[in-house]
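Observations on the model geometry
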6 protein chains.
Amino acid sequence: MEANASNESDVARRYISFKNKILEMQACLTAIEKCPIPVVCAIHGACIGGGIDLSCCADVRICSPDAKFSVREARLGLAADVGTLQRFPKICGHGSRVRELCLTGENFDAVEALRIGFVSRIESNLFESAMNVCQTIARNSPVAVQGTKLSLNYSRDHTVEEGLNHIAMHNAAALMTDDLIASVMAASGSEGNFQNMLPMAKL
Amino acid sequence: MEANASNESDVARRYISFKNKILEMQACLTAIEKCPIPVVCAIHGACIGGGIDLSCCADVRICSPDAKFSVREARLGLAADVGTLQRFPKICGHGSRVRELCLTGENFDAVEALRIGFVSRIESNLFESAMNVCQTIARNSPVAVQGTKLSLNYSRDHTVEEGLNHIAMHNAAALMTDDLIASVMAASGSEGNFQNMLPMAKL
Amino acid sequence: MEANASNESDVARRYISFKNKILEMQACLTAIEKCPIPVVCAIHGACIGGGIDLSCCADVRICSPDAKFSVREARLGLAADVGTLQRFPKICGHGSRVRELCLTGENFDAVEALRIGFVSRIESNLFESAMNVCQTIARNSPVAVQGTKLSLNYSRDHTVEEGLNHIAMHNAAALMTDDLIASVMAASGSEGNFQNMLPMAKL
Amino acid sequence: MEANASNESDVARRYISFKNKILEMQACLTAIEKCPIPVVCAIHGACIGGGIDLSCCADVRICSPDAKFSVREARLGLAADVGTLQRFPKICGHGSRVRELCLTGENFDAVEALRIGFVSRIESNLFESAMNVCQTIARNSPVAVQGTKLSLNYSRDHTVEEGLNHIAMHNAAALMTDDLIASVMAASGSEGNFQNMLPMAKL
Amino acid sequence: MEANASNESDVARRYISFKNKILEMQACLTAIEKCPIPVVCAIHGACIGGGIDLSCCADVRICSPDAKFSVREARLGLAADVGTLQRFPKICGHGSRVRELCLTGENFDAVEALRIGFVSRIESNLFESAMNVCQTIARNSPVAVQGTKLSLNYSRDHTVEEGLNHIAMHNAAALMTDDLIASVMAASGSEGNFQNMLPMAKL
Amino acid sequence: MEANASNESDVARRYISFKNKILEMQACLTAIEKCPIPVVCAIHGACIGGGIDLSCCADVRICSPDAKFSVREARLGLAADVGTLQRFPKICGHGSRVRELCLTGENFDAVEALRIGFVSRIESNLFESAMNVCQTIARNSPVAVQGTKLSLNYSRDHTVEEGLNHIAMHNAAALMTDDLIASVMAASGSEGNFQNMLPMAKL
């Protein structure tokens, strides 16, 4: 039924069918954001339209000097609808340049992406640099790292007071982990030896 | 009645009358923000107090090198009450410098306005530059541009999840526009030929 | 009872006891944020873990060139739970670098703290500079300054519309202050002479 | 332009035009809710569709024994869109019968309207009874009555904590009214003698 | 992995695993609430614990005279965690009796379920009566019915203003349906002839 | 300083001082609501003004046949400001009668208090009946009872989705209690034997 939904002659039924398709595509991208493990995104070449939507769902973004960015949708005749207009200004603020980029659809380069806070760094050896971030994070306790990401995502969309209450509930349980001991040992020179949190959690 | 409201001897009645006046003034400025068409603001000379309130309602801000800015209200004995304290930190973040500027009321110049993200660019030929931004936006489909502004404003004040749901509802209808075809044609070299959205929408 | 709470053998009771302790510690820091008078924070040397939590509660932060910062908690095996994950990204945005710092726990220096908006300035004569900010603020009307801080805090956690309504209610009463006259006089050259708002309000 | 909006051939433009029309109609009804003076609604005969939308905006509803009610829209092929689906369940709860009435569009009578809390009373001498409510309210201080309505409307849409903060701000100013003295005198037997709040406030 | 999650020796890992299990169970029940088609629930015999959780997700509830209800979880040593504490008071209000039933876990009968608004009616011929409700709803336009349910669910969790904006967006598209003509014809005596909205939408 | 606050001649300073006093009084009443243990309120005689404010903070209310109620504040010249306008309609709904009682300040009796859901029951042997509720609750596991109250309070002020997430976090830890075994034993006939949660938790 979904397949021929756009052939519907009734406008309201087409509307409902389109809406469900958009929600489905949004959910695909949101899955990245909801992944309990941090996601590091290495950007090179063209990061246009869907590329922005996708990379906005990552936690950390690094790009090569040749990376080119654009919130292209406005230029293609539609408002971006799978996350850019929601996440890009939460990442970079609702500053003048961010709105300008969304409304004009024009390109911006790596230097500007760095200036507005979209990427952490511009690196020539892009993948090595991205892997380094992953490894640095992976050296920390999975309980700590996943709690941090969970709390950052929650706090982005809630008041400070609600965010504080949320992390208090989370940590009251999470602080009973044995990782705390391993972390302290790691901090004092020996290697941390953490159990993975989830099968996929081999960071 | 409004006219002599501040002559009221009863404090509570004066309070209610003042409050209604402030709400009315706020609504004047909010009208700019609610305008479905993007607003580009060209700032030169002094942008002080009400100037900040006003320019915060625009989508894009460009300034000349001589522009001078100040959240002057604190220095004049009142908390700014027609939008600066609400919109300025959503534009530039709640960073240390933003709060300092609001609490001290001191001046900041064009370079600092750029650094904190309040303006997109400093331009000597200010009006030409501002008109260029308008024209670049106007080359895009009105349906796309207005949907983008609507979604940016909504998303600023809602969670990512609510923003996603909102744009899904909007685009499910907006994607049925014939502009999409015109946009694709424009993107492939020919000039886009869009109907205006609203009489005033001749960007 | 609180004292031996962590000796509880029942996991759920330990959880509830831990949660209450965390909430109590959070309240200690939040007290700084709730202080009606602006708080200026002078940072030098190591500002690590709890140092970030604490300084995030200030309104203005200035640091010396040697200041070193770190959201250390992730490295110590826990998600930061007394405010950093809530306040740091509201101050500096949810940009890539902010998340990276929270997830890796690595150090950042004064220059980076300035770049991401965490501090207003790097100053060699740190305390003199911080006192200057205090004095500049103290020259303004206490009613104006405290209303500004109240509104900034409220607006950070609410929509623009709710923030506008809040300041309208506040100012409708606050504008009846005699400080307005004193401020206008001060602005025109004579010294402002404000009553203090609160005993502790001698800024 | 509005007039021929529905003749638009472009679906997206028709959508935007329809949406603006609906918002405009909603605003007409919301004006009743926003009226600072309490509104008492006397219902007799048919209160169907728009009648429910309208009466939901009142503060107090009284009906005659012959009153007949229906959320008719579902039966007419549309979801009610000028307030019933928002206000009716905030008045009567999201109980089973309320949803059933909205989804079936079937009639309900005065007895059921009373049972679900939609009306305060069933009265044969309807207008006299409604006027009695008005007069009872009008005997109270306008400052008190309008503050009560303002707070009830605000609290309906906010948390208890936010509602408490809102009334604290309001009352801190409103308690400075001279009405308090007049009220205490009225309560001890003499007639209250209040200034009107607003020209239209002659209750 | 999930299977042996509860065997985890690390308390924090067990906590995270438990939380994910609870969220998964909640999602099973929420699926009923999210079903775009109204759900009518016929309750007879024991509706205890999970029975309350489940029936709270329906739109309309009817019960037989012998139905017995209980929010049993408190008596079994846990706070109900798959929806009762969230949905039951939104259905019946946060009145004294509702809280008492949640805290004591004691039984209540059909008459009380009706009194507090949990069920619409007590019917001896339960299934026939429930089918009648379904058929009455099914006689209405699917576009209207599904829009009504969508708006009721959205409005339950949002302010009146946000609910109004939501239905305006929805109806601006939904009112372009051909069902409106069919509905008007049906209302004037002839049988409505609606296309189904979804394959499963054969009400 | 607080003592002579109302003697302030500056209106704005008086306003701020009044506001702080009101917030302080509100906090006294909110402490009852925040008490982790359920509070049962036995009402007899006059429950007027502050009596409503106070009893709204309880979880369960029972009254004697002679109880008389009134939201008296409107009649005394002020909007109720320590909780009634926030909590009373969350308990009883925003129905017509509730608003009428708040706006008129007129009395209502035990029968009406029962009808609108303010009390659970009217009981001649009031205190025995209230103690029975306490004992029934106290027979349940403290972990379960306190989790239930916590979740009810949280859910009253949040969306269903946020309430579900909150109880999932809470229960993921709380279900590790040994009370579950004791509860199951109690449910199968033997007496539950729970550790107290808090010293004051001897229900």
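In the block above lies the structure referred to throughout.
Heads up: these notes are all about the structure in this document. (Residues numbered from 1 in each chain as written. Chains lettered and ligands numbered in written order. Predicted model: local features only at pLDDT ≥ 70, side-chain atom pairs only at ≥ 80, totals over all residues. Heavy atoms only, no water.)

**Observations concerning the overall build of chain A**
Along chain A, the regular secondary structure elements total 10 helices and six strands. Each of the three principal axes of chain A carries a C-alpha extent, and together these read 65 × 40 × 35 Å. When burial is assessed residue by residue, chain A has 61% of its 203 residues classed as buried. Considering only contacts within chain A whose residues lie at least 6 apart along the sequence, 59% involve residues at least 24 apart. (Helix = DSSP H or I, 4+ residues; strand = E, 2+ residues; numbered from the N terminus. Buried < 20%, exposed > 50% of the residue type's maximum accessible area, 1.4 Å probe, protein only. Contact = heavy atoms within 4.5 Å.)

**Thoughts on the interface of chain B and chain A**
Contact with chain B, which involves 44 residues of that partner, is made by 39 residues of chain A. At the boundary of chain B with chain A, total buried surface from both sides reaches about 3600 Å², with 63% on carbon and sulfur atoms. If you look at where chain B meets chain A, you find two salt bridges. Where R99(A) meets D59(B), a salt bridge forms, and the shortest distance between an N and an O atom there is 2.7 Å. Those elements giving two or more residues to the side of chain B that touches chain A turn out to be β3 (60-63), α4 (84-92), α7 (126-138), α8 (142-156), α9 (160-174) and α10 (179-187) of chain B. A breakdown of the residues in the side of chain B that touches chain A according to their chemical character gives 22 nonpolar, 16 polar and six charged. (Buried area = accessible area lost by both parts, 1.4 Å probe. Salt bridge = Lys/Arg side-chain N within 4 Å of Asp/Glu carboxyl O. Nonpolar A, V, L, I, M, F, W, Y, C, P; charged D, E, K, R; others polar.)

**Things to note about the packing of aromatic side chains**
In this description, a pair of aromatic rings is defined by centroid distance and the angle of the planes. Throughout the structure, instances matching the rule amount to 24 aromatic pairs over all chains. An angle of 90° between the planes, with centres 5.9 Å apart, marks the rings of F69(C) and F118(C) as edge-to-face. Here F69(C), found in strand β4 (residues 68-70), pairs with F118(C), found in the loop between α6 (110-115) and β6 (121-122); they are 49 residues apart in sequence, far enough to count as distant. Seen in terms of ring centroids, F69(E) and F108(E) are 5.1 Å apart; in terms of plane orientation they differ by 20°. Their pairing is stacked. Residue F69(E) is found in strand β4 (residues 68-70), and its partner F108(E) is found in strand β5 (residues 107-109); the two are separated by 39 residues along the sequence. The burial state of F69(E) is the same as that of F108(E); both residues are buried. Members of the aromatic cluster, connected to one another through ring pairs, are F69(A), F88(A), F108(A) and F118(A). R61(C) extends its terminal NZ or CZ atom over the ring of F118(C), reaching a point 4.6 Å from the ring centre. (Phe/Tyr/Trp six-rings, centres within 6.5 Å; stacked < 30°, edge-to-face > 60°. Lys NZ or Arg CZ within 6 Å of the ring centre and 35° of its normal.)

**Structural notes on the side chain of E33(F)**
Mapped onto the elements of the fold, E33(F) is located in helix α1 (residues 11-34). With sequence-adjacent residues up to four places away left out, E33(F) is seen in contact with V160(D), C57(F), R87(F), K149(F), N153(F) and R156(F).

**Quick word on the relation of the copies chain B and chain A**
Superposing chain B onto chain A requires a rotation of 120° together with a translation of 0.0 Å along the rotation axis, leaving an RMSD of 0.0 Å. Within this description, the copies of the chain are treated as partners about a three-fold rotation axis. Looking at the rotation axis and the C-alpha trace of chain B, the residue lying nearest is G93(B), at 3.7 Å. Counting the interface residues of chain B, we find that no more than 5% of their copies in chain A are interface residues as well, pointing to two distinct contact surfaces. (Least-squares fit on C-alpha atoms with pLDDT ≥ 70 in both.)

**Comments concerning the interface of chain F and chain D**
Chain F puts 39 residues into the contact, and the matching count from chain D is 44 residues. When chain F packs against chain D, the two sides together hide about 3500 Å² of surface, and 63% of this comes from carbon and sulfur. Seen at the junction of chain F and chain D, the total is two salt bridges. Counting across the interface, chain F meets chain D through 21 residue pairs in polar contact (both at pLDDT 80 or more). Looking at the side of chain F that touches chain D, the elements that each hand over two or more residues are α1, α3 (73-76), α4 (84-92) and α5 (96-104) of chain F. The biggest single contributor to the side of chain F that touches chain D is α1(F), with 10 residues. Here the residues of the side of chain F that touches chain D are counted per class, giving 15 nonpolar, 10 polar and 14 charged. (Polar contact = N/O pair within 3.5 Å; in protein donor to acceptor, adjacent residues only side chain to side chain.)

**A word on the pattern of salt bridges**
Considering all chains together, one arrives at 78 salt bridges over all chains under this definition. A salt bridge links E112(C) to R115(C); the shortest N-O distance between them is 3.4 Å. One end of the pair is E112(C) and the other is R115(C), both in helix α6 and three residues apart, which spans about a single turn. What makes R115(C) partly exposed here is its relative accessible area of 47%. Taking the shortest distance from any N to any O, the salt bridge between D10(F) and R13(F) comes out at 3.2 Å.

**Topic: the packing of helix α8 (residues 142-156) of chain F against helix α9 (residues 160-174) of chain F**
Residue and element names in this part refer to chain F. The interhelical angle for the contact between α8 and α9, taken along N-to-C directions, is 160°, at an axis separation of 10 Å. Classified by the angle their axes make, α8 and α9 are roughly antiparallel. Crossing of α8 over α9 shows right-handed handedness. Only E162, G163, H166, I167, H170 and A174 of α9 make contact with α8, whose side of the interface consists of V143, G147, L150, S151, Y154 and S155. (Axes fitted to C-alpha atoms, helices over the stretch in contact; angles between N-to-C directions. Parallel < 35°, antiparallel > 145°, perpendicular 65-115°, else oblique. Left-handed = near helix turned anticlockwise from the far one by under 90°.)

**Some thoughts on the sheet that holds strand β6 (residues 121-122) of chain B**
All names here are of chain B. Read across the open sheet, the three strands follow the order β1-β3-β6; overall the sheet is parallel. Looking along the sheet, the strands with just one partner apiece sit at the ends: β1 (40-43) and β6. In this structure, β1 lies alongside β3, joined through four bridges in parallel fashion. Its bridge partner lying in β3, V40 is registered against V60. Its contacts with the sheet place α7 against β1, β3 and β6, and it is angled at close to 170° to β1. (Pairing = 2+ DSSP bridges.)

**Some details on the environment of N125(B)**
Relative to the helices and strands, N125(B) is located in the loop between β6 and α7. Linking N125(B) and S64(B), residues 61 residues apart in sequence, is a C-alpha distance of 7.5 Å.

**Observations regarding α5(F)**
All names here are of chain F. Taken across its nine residues, α5 has nine buried, putting it largely inside the fold. Those residues of α5 that fall on the buried side of the exposure criterion are S96, R97, V98, R99, E100, L101, C102, L103 and T104. The first or second residue beyond α5 is G105, which carries a positive phi of 75°.

**Some thoughts on the environment of T104(D)**
In this structure, T104(D) sits in helix α5 (residues 96-104). Once the C-alpha coordinates of T104(D) and S70(D) are considered, the two residues, 34 residues apart in sequence, prove to be 9.4 Å apart. Residues contacting T104(D), with those up to four places away along its chain left out, are R75(D), T136(E), I137(E) and N140(E).

**Observations regarding the sheet that holds β5(E)**
Residues and elements named next belong to chain E. One open sheet holds the three strands; their spatial order is β2-β4-β5, and the pairing between them is mixed. Bordering the open sheet on either side are β2 (46-48) and β5, each of which pairs with just one other strand. The sheet shows a mean angle of 20° between the axes of neighbouring strands, taken without regard to direction. Pairing of β4 with β5, which is carried by three bridges, proceeds in the antiparallel orientation. When the sheet's bridge partners are listed, S70 is paired in β5 with N107.

**Focus on the relation of the copies chain F and chain D**
Superposition of chain F onto chain D requires a rotation of 120° combined with a translation of 0.0 Å along the rotation axis, giving an RMSD of 0.0 Å. Different-surface contact between copies: only 5% of interface residues of chain F are shared with the interface of chain D.

**Observations concerning the packing of helix α4 (residues 84-92) of chain A against helix α5 (residues 96-104) of chain A**
Residues and elements named next belong to chain A. Relative to each other, α4 and α5 sit at 155°, their axes nearing to 10 Å. Looking at the two axes, α4 sits roughly antiparallel to α5. As for how α4 packs across α5, the hand of that crossing is right-handed. Here L85, F88, P89 and C92 of α4 come into contact with α5, specifically with V98, L101 and C102.

**Let's talk about the pairing of β3(B)**
All names here are of chain B. Side chains V60 and I62 project from β3 onto one buried face, and the interleaved R61 and C63 project onto a second face that is buried too. Bridge count for β3 against β6 is two bridges, and the pairing is parallel. Looking across to β6, one finds that C63 is bridged to I122.

**Re the environment of V82(D)**
Relative to the helices and strands, V82(D) resides in the loop between α3 (73-76) and α4 (84-92). In this structure, the C-alpha to C-alpha distance between V82(D) and V133(D), residues 51 residues apart in sequence, is 27 Å. Excluding anything up to four places from it in sequence, V82(D) contacts M25(D), Q26(D), L29(D), D53(D), R87(D) and L164(E).

**Notes on the state of the cysteines**
Following the criterion strictly, the structure yields zero disulfides over all chains and no others. Residue C41(A) stays outside any disulfide, its sulfur separated by 6.8 Å from that of C47(A), the closest cysteine. (Disulfide = S-S within 2.5 Å.)

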